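# Observations on chain architecture
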Amino acid sequence: MIRITDIIDRIIAYNSEADLDLVERAYVYSARIHEGQVRLSGEPYLSHPLEVAGLLTELKLDPVSVAAGLLHDTLEDTKATMEDLTGLFGEPVSHIVEGVTKLSRLAFRSSETRQAESIRKMILAMADDIRVVLIKLCDRLHNMRTLQFQNEKKQNKIAQETLDIYAPIANRLGIYGIKTELEDIAFMYLFPRPYREIAGQVATKKDEQQKHIDTIREIIETKMEEADLPCEVQGRHKHFYGIYQKMIKQSVDFEEVYDILGFRIILDTIPQCYQAIGIIHSIWKPIAKRFKDFIGIPKPNMYQSLHTTVIGPFGERVEIQIRTKEMDRVAKAGIAAHWQYKEKVGLDEKTGAVFAWLRKLVKEQKNLKDPDEFMETVRIELFPDEVYIFTPRGDVLTLPKGATPVDFAYAIHTEVGCQCTGAKVDGRIVPLKYKLKTGERVEIITSTRHRPSKDWLSFVRTAKARSRVRHYINVEERKRSLALGREMCEKALRKYNLSLNKYLKSGEIEKAAHELGYKTADDLIAGVGYGKVTPLQVVRYLLPRFELKDEKETVVTRLTQRIRGKKPKSSILVKGLDDILVRFAKCCNPLPGDPVVGYITRGQGITAHRTGCPHALSMDPERRIELEWAPKTEEFYPVRIHVLCDDKIGLLASITAAISQGKANILDAKVDTRADKRADCYFTISVSGADHLEDVIKLIKKIRYVIKVGRLSA
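Let us look at the structure shown here. (Residues numbered from 1 in each chain as written. Predicted model: local features only at pLDDT ≥ 70, side-chain atom pairs only at ≥ 80, totals over all residues. Heavy atoms only, no water.)

In this section: unusual backbone geometry. Unusually for a residue other than glycine, D426 sits at a positive phi of about 50°. Inspection of the secondary structure assignment puts D426 in the loop between β8 (420-425) and β9 (428-430). Positive phi is not limited to glycine here, since Y705 has a value of about 80°. Residue placement: Y705 occurs in the loop between α30 (690-701) and β19 (706-711). On the basis of relative accessibility, which here comes to 26%, the residue Y705 falls in the partly exposed class. (Helix = DSSP H or I, 4+ residues; strand = E, 2+ residues; numbered from the N terminus. Buried < 20%, exposed > 50% of the residue type's maximum accessible area, 1.4 Å probe, protein only.)

Written out as structure tokens, the structure is:
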């Protein structure tokens, strides 16, 4: 366990004028308030905040950050309050600690909602003060290092969340050291067999590869010395998760991943970098399309370097990065390398550019009340794999890979996006779903009469474009539902020689809206148009003295009337109602245990989707309805799974035996073999729910030569 004296020594080493008293007081308070608490490992709980503070000093952060790191769990796990922290350590420290604190004390509908709200809070807090996320990343890194003390289910959940959210955030902020360690640890828990195989093969070839590294380093150093270019040359292996990603992406075995070795050449100036790349290409043959100039066009997270891949002296591919010392410092520490909170100077303009994606995310989240939509937006922003596009004026816009002219149009301005009718790429007309490539020049064709199309949701990639299109569609859908609801209410009231306008003017409709759980009269009338409430219900509130037995209801009543005689109860409950026609969406095949949401269709009842289903996310929120699974069901449901494995004799029999062992029935099976001696196995199996499916997948994962197992949406 790191000691407070070690932390103090590190701070003095990079900031001799630091306020050490603040850090020492935070340590004493943390030790006192966490006294008696222990971690699952059996260590005193204080070891965790100390390790987090130690990681913060590795990033060379200011005393306020280190103090907040020592106190980061006090609001969540002790009786400490915001007032206590503010009084003892000042508002900056308490503000950061509050931003880091998870929302464990609040009650949410589900763990997915809890995670979405926690991530939302963290993103808002980090937009206000980036130190929040730096502490959060260090907190997550130490928790991952000690993940072996959790049970298997918790390990998988935390590892998956790390891979989905925290590693991409570290990547977005350019903190590659934390990013790679988070990925490797998560990889070890989520895919233990491939991890062990890669680690074993790297260890087996370690001596041989070290000789290659030494030889190549010596050649580079000699050539640079001859050119009078003093430099530092670093040789390394790719991290395990990076190797695994290459194996999956390229569909190759470990032996066929050629550029496992990588080198960094660190020089003093930018001109020296370009001179060095010329020397490297004169020594070894470069591979076409593998040269990238991130010095001329830096990544959004400030990363700068020249990348090239060459055929090395032993006939293998070698990746080489060339950068200055300052660029190397930024590559290791990311945004923390540009920290300027001393004397409240704030972040400079260059560093502030890193927050472009974050500011955009904060702006968009205001329009996203649904947690699933928000998490989808977060993932879009965290996995960009950017392309660089030129405007007609020559400005460069950064967009995620796969972005289309519609994304480009919305990136320029919302009005340009809404009025986009076509696009020219390098002077030629292209479809709106065309995927843009780095270096292309794009010109948008607009028309003031044109409006967004729902079809755009199937191909746009940026969060801004997606949310703006959804917003427009929702507004238009509401207008139509408001008109339809008004017509239906007027028709119902006309039978009693009454007018809807009369009740609107008197405020009676407003009262009825509040009684039925709506905020305004328009919301109630739109609800009638959507089918969430019937005209009969509205009339009953307005005319309670009348007997309204002959009135026909819409949607729910019509659906109920279609069911003749007594039917077996559905495994899905619609807001506690029975006998409602519910269909399971074929796009996502929900299972008992999955979080589900319903969509009121026109004339076909309610369709149940998994909450993360892309089709569910593109639905009009006003037509959604809450669903829940019945407590006990004895039904079985079909679900498709994909098994990627090596093409070995008898392996298919082992997989089918594992499925049978998991008490699941195989309804359909298909196997496609690849040229790389691997096979894609597709099974449709019947299971009783999500937990049953998870048990079956675990049994399959234990089989040797099985690389990956996953559930398919359809």
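Evaluated as defined, the whole model comprises 18 salt bridges. For E58, the salt bridge goes to R10, with nearest N and O atoms at 3.8 Å. With a gap of 48 residues between them, E58 in helix α3 (residues 47-58) and R10 in helix α1 (residues 4-14) connect regions that are remote in the sequence. On the accessibility criterion, E58 (52% relative accessible area) is exposed. K479 is the salt-bridge partner of E476, the closest N and O atoms lying 3.4 Å from each other. One end of the pair, E476, and the other, K479, are both in helix α22 (residues 463-494), three residues apart, so they sit about a helical turn from each other. (Salt bridge = Lys/Arg side-chain N within 4 Å of Asp/Glu carboxyl O.)

Below, the discussion takes up the sheet that holds strand β4 (residues 306-311). Strand order in the open sheet made by the five strands is β1-β2-β5-β4-β3, with mixed pairing throughout. The sheet terminates laterally at β1 (232-237) and β3 (292-293), the two strands that pair on one side only. As judged from the six bridges shared by strand β2 (residues 261-267) and strand β5 (residues 317-324), these two strands associate in the parallel manner. Following the sheet pairing, I266 is matched in β5 by R323. (Pairing = 2+ DSSP bridges.)

On to the nonpolar core. Of all hydrophobic cores here, the largest spans 71 residues; its most connected members are V93, L137 and I178. Those residues in contact with L137, other than ones at most four positions away along the chain, are Y166, I169, A170, L173, I175 and I178. (Core = buried A, V, L, I, M, F, W, Y, C linked by side-chain atoms within 4.5 Å. Contact = heavy atoms within 4.5 Å.)

Mapping L493 onto the fold places it in helix α22. For L493, a relative accessible area of 1% puts it in the buried group. Along the chain, L493 and V538 lie 45 residues apart, while their C-alpha atoms are 9.5 Å from each other. Discounting chain neighbours no more than four positions away, the residues touching L493 are L498, S499, L500, Y503, V539, L542 and L543.

Our focus in this paragraph is the packing of α22 against helix α25 (residues 521-530). In the contact formed by α22 and α25, the axes pass within 6 Å of each other and the chain directions differ by 90°. By the angle between their axes, α22 is roughly perpendicular relative to α25. Contacts between α22 and α25 involve N474, E477, R478, S481, L482, L484, G485, R486, M488 and C489 from the former and D522, D523, I525, A526, V528, G529 and Y530 from the latter. Residue composition of the contact of α22 with α25, grouped by class: eight nonpolar, four polar and five charged. (Axes fitted to C-alpha atoms, helices over the stretch in contact; angles between N-to-C directions. Parallel < 35°, antiparallel > 145°, perpendicular 65-115°, else oblique. Nonpolar A, V, L, I, M, F, W, Y, C, P; charged D, E, K, R; others polar.)

Another aspect to go through is the sheet that holds β8. Strand pairs in the sheet, formed through backbone hydrogen bonds, run parallel or antiparallel to each other. Sheet architecture is open: three strands sit in the order β9-β8-β10, paired in antiparallel fashion. Lying at the two open borders of the sheet, with one neighbouring strand each, are β9 and β10 (442-446). On average, each strand axis in the sheet is tilted by 35° relative to the strand beside it, whichever way the strands run. Two strands pair when backbone bridges link them, and β8 and β9 are joined in this way by three bridges, in the antiparallel orientation. Its bridge partner lying in β9, A423 is registered against V430.

Counted by the stated rule, this structure contains zero disulfides. Considering cysteine sulfurs only, C645 is the nearest to C681, which forms no disulfide, with 3.9 Å between them. The buried category is assigned to C681, whose relative accessible area is 3%. (Disulfide = S-S within 2.5 Å.)

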